[in-house]
Amino acid sequence: IVSLSPVSSCIVEEIFLKEKSTLFQKFFLALGMFGAIFIAVNTSTTDGQNSLMGILFLIGAVVSGSLFTAFSRKSSSHFSPMDITYFSCMLGTVIFNAINITRHIVIGDIIHYFDPYFNIKNLIGFIVLGIMSTIVATMMNNFALSKLQISVMTAFGGVSTLVTIIVGIVFGGESLEFYHYIGLPFIIVRMIGVCAISIIRNKHNPT
């Protein structure tokens, strides 16, 4: 489902930004999407279960992610990537802390609100997730969106799949399977193809 984000991004890009990707770019995006889906389908899992609620949340994540990229790119003409990052992160801080405080009040343990901050493992997680994976990653994402079309940036989404596989091999003792050898080339071709077409278009239409 998450692999469908290139499709969602192209739709949002054309509706809200009036920016269109070429037919060949859509073709390369579809190739990469096929590669990611092929790897996901063939990856065996032993835990977890499918549920309608989980599927709906995944679809919501795809749509909201596409909308975020569209409005971030639209806002980049008026605000800097740092401004957009600050606003989105602060908005998330206020909303999720409000939800957390409400949850503590409902179950009657508001005095335990700060307990997680006294656990060193939690603090390490907060630093990695809060600073590196949220603030830094979001700022880099916003900066990229100020320079690139959404469809072009979406082409790099396969990098996360590639990095995940490499990390699994290096740190998790996993090995490359046959479906990795089939799926990864499609993802790499997507990145190269979409970017090459974008470069060629910019040379012919510098505006």
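Owing to the predicted nature of the structure, the values given are computational and were not obtained by experimental measurement.

1. Let's talk about the confidence of the model for the chain
As a general rule, the predicted coordinates of low-pLDDT regions are not to be interpreted in detail.
At step 1: Confidence in the prediction for the chain averages 84 pLDDT; 94% of positions are at 70 or higher.
At step 2: Mean pLDDT values for the elements of the chain range from 80 in helix α7 (residues 158-172) up to 93 in helix α4 (residues 81-107).

2. Focus on the packing of α4 against helix α5 (residues 120-147)
At step 1: It is at 9 Å that the axes of α4 and α5 come closest, and there the two elements cross at 135°. The orientation of α4 relative to α5 falls into the category oblique. As for the relative orientation of α4 and α5, their crossing is right-handed in sense. Judged by residue contacts, Pro81, Met82, Ile84, Thr85, Ser88 and Cys89 of α4 engage Thr134, Ile135, Thr138, Met139, Asn142, Phe143 and Ser146 from α5.

3. Quick look at the packing of helix α2 (residues 23-42) against helix α8 (residues 178-204)
At step 1: In contact at an axis separation of 8 Å, α2 and α8 are set at 160° when each is read in the N-to-C sense. With respect to each other, α2 and α8 are oriented roughly antiparallel. The handedness of the crossing between α2 and α8 comes out as left-handed.

4. Thoughts on the pattern of salt bridges
When their charged atoms lie close together, side chains carrying opposite charge are able to pair.
At step 1: This structure, assessed with the given rule, holds two salt bridges.
At step 2: With its nearest N and O atoms 3.0 Å apart, the salt bridge here joins Arg73 to Glu19. Placement of the pair is Arg73 in helix α3 (residues 52-75) and Glu19 in the loop between α1 (5-17) and α2, with a sequence separation of 54 residues.
At step 3: Residue Arg73 is classed as buried on the basis of its relative accessible area, which comes to 16%.

5. Describing the environment of Ala40
At step 1: Note that Ala40 resides in helix α2.
At step 2: Its relative accessible area of 49% is what places Ala40 among the partly exposed residues.
At step 3: Distance in space between the C-alpha atoms of Ala40 and Gly183 is 9.3 Å, their sequence separation being 143 residues.

6. Focus on the state of the cysteines
At step 1: Enumeration according to the criterion identifies zero disulfides in this entry.
At step 2: The thiol of Cys10 is not disulfide-bonded; the next cysteine sulfur, from Cys195, is found 13 Å away.
At step 3: On the basis of relative accessibility, which here comes to 9%, the residue Cys10 falls in the buried class.

7. A word on the environment of Leu145
At step 1: By the secondary structure assignment, Leu145 is in helix α5.
At step 2: Remark: the alpha-carbon pair of Leu145 and Ile197, spanning 52 residues in sequence, is separated by 17 Å.
At step 3: For Leu145, the residues in contact, after removing those within four places along its chain, are Thr69, Ser72, Arg73, Ser76, Ile150 and Met153.

8. Focus: the nonpolar core
At step 1: Judged by nonpolar contacts, Cys10, Phe28, Leu29, Leu31, Val152, Ala155, Val194, Cys195 and Ile197 together constitute the single largest core of nine residues.
At step 2: Secondary structure elements with two or more residues in this core: α2 and α8.
At step 3: Residues within four places of Cys10 in sequence aside, it is in contact with Ser21, Leu29 and Ser151.

9. Quick word on the packing of aromatic side chains
At step 1: What the rule picks out here adds up to eight aromatic pairs.
At step 2: Ring centres 6.0 Å apart and planes at 45° place the aromatic pair Phe114 and Tyr117 in the tilted group.
At step 3: Ring pairs connect the aromatic residues Tyr113, Phe114, Tyr117 and Phe126, which therefore count as one cluster.

10. Side note on unusual backbone geometry
At step 1: In this model, Lys18 sits at a positive phi of 60°, which is unusual for a non-glycine residue.
At step 2: Structurally, Lys18 is set in the loop between α1 and α2.
At step 3: Since its relative accessible area comes to 66%, Lys18 is described here as exposed.

Cut-off values and rules
Residues numbered from 1 in each chain as written. Predicted model: local features only at pLDDT ≥ 70, side-chain atom pairs only at ≥ 80, totals over all residues. Heavy atoms only, no water. pLDDT = per-residue confidence, 0-100. Helix = DSSP H or I, 4+ residues; strand = E, 2+ residues; numbered from the N terminus. Axes fitted to C-alpha atoms, helices over the stretch in contact; angles between N-to-C directions. Parallel < 35°, antiparallel > 145°, perpendicular 65-115°, else oblique. Left-handed = near helix turned anticlockwise from the far one by under 90°. Contact = heavy atoms within 4.5 Å. Salt bridge = Lys/Arg side-chain N within 4 Å of Asp/Glu carboxyl O. Buried < 20%, exposed > 50% of the residue type's maximum accessible area, 1.4 Å probe, protein only. Disulfide = S-S within 2.5 Å. Core = buried A, V, L, I, M, F, W, Y, C linked by side-chain atoms within 4.5 Å. Phe/Tyr/Trp six-rings, centres within 6.5 Å; stacked < 30°, edge-to-face > 60°.

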